[in-house]
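Analysis of the macromolecular model
Here is how the chains run, residue by residue.
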Amino acid sequence: FYDEVEARKYTQNSRVAEIQAQMAERAVELLGLPEERPCLLLDVGCGSGLSGDRISEEGHYWVGIDISRAMLDVAVDREVEGDLLLADMGDGIPFRPGTFDGCISISAVQWLCNADKKSHSPPKRLYRFFSTLYTALARGSRAILQLYPENSEQLELITAQAMRAGFTGGMVVDYPNSAKAKKFFLCLFVGASGTLPKGLGTECADGEDTHQAKFTNERTRFRNAKGKSVKKSRDWILEKKERRRRQGKEVRADTKYTGRKRRPHF
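Residues numbered from 1 in each chain as written. Predicted model: local features only at pLDDT ≥ 70, side-chain atom pairs only at ≥ 80, totals over all residues. Heavy atoms only, no water.

By the definition in use, this model includes 10 salt bridges. A salt bridge links Asp-91 to Arg-125; the shortest N-O distance between them is 3.9 Å. Here the residue Asp-91 occupies a position in the loop between strand E3 (83–86) and strand E4 (100–106), and Arg-125 occupies one in helix H5 (residues 122–136), the gap between them amounting to 34 residues. With relative accessibility at 10%, the residue Arg-125 sits in the buried group. Salt bridges here are not isolated pairs; linked through shared partners, they connect Glu-25, Arg-54 and Glu-57. (Salt bridge = Lys/Arg side-chain N within 4 Å of Asp/Glu carboxyl O. Helix = DSSP H or I, 4+ residues; strand = E, 2+ residues; numbered from the N terminus. Buried < 20%, exposed > 50% of the residue type's maximum accessible area, 1.4 Å probe, protein only.)

Right, dumping it as structure tokens:
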């Protein structure tokens, strides 16, 4: 977590402030809010209020939640317009059902994949966060969570827990072919599924759009498609066990007998 010195350095860095403002503006855009009225938004991991400033400029009201007291102190000194709450998002979102018209989060959710204490279980903390966030949002609203995943396993873990909590939606990737400009936005719908927004810079040379990852709360059957492991095969079993390990579940160790077919008994 940021101490007082680091919190002020972070906020006073003009490059950081510019990037934070751009991502917050994009997140608010992806929310698809009505233009005729101001909305009440939740900013998860609000820090010193840089993203909240963007919400205020768009004419909306906001409440920010962050685990760093030093960051929130800087936000108070900056006299941000939003209300601030010191809390750990991994412990859940402590608001009444249907409180918010939308939620944004900039560069925060991926931290729930880390176990900072022995008692921390990333899958459980992610589910607690998403399930309480789902409750705190009004029906038909969206949550736009910008994140920096370390790898595909983290993305799978995060989206799996969001789906389990009741959300639908998918990942919107801006500038997928750029190493520096590439940004991940997890776009979540509360209630009925909406149309997943298009990522910036996703048009191909022939005018077609690149495919974006989507997920729903419906189970899908395993198919023997090209490139997929055959169901019940050793590779299929190993892949399934690895997925369960990433979800924090106890799984038996892999051995030379894993997936071995038994001889028929006469």
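From this point, things continue past the structure.
This brings us to the pairing of strand E6 (residues 168–174). Here E6 lies mainly inside the structure; 7 of its 7 residues are buried. Pairing of E6 with strand E7 (residues 183–189), which is carried by 7 bridges, proceeds in the antiparallel orientation. Residue pairing for E7: Val-172 is matched across the bridge by Phe-185. (Pairing = 2+ DSSP bridges.)

As a further point, take the environment of Thr-202. When you line up the elements, Thr-202 lands in the loop between E7 and strand E8 (214–215). Judged by relative accessible area, which is 4%, Thr-202 ranks as buried.

Moving on, we come to the side chain of Ser-68. With respect to the element layout, Ser-68 can be found in the loop between strand E2 (61–66) and helix H4 (69–77). Residue class for Ser-68 comes out buried when judged on its relative accessible area of 4%.

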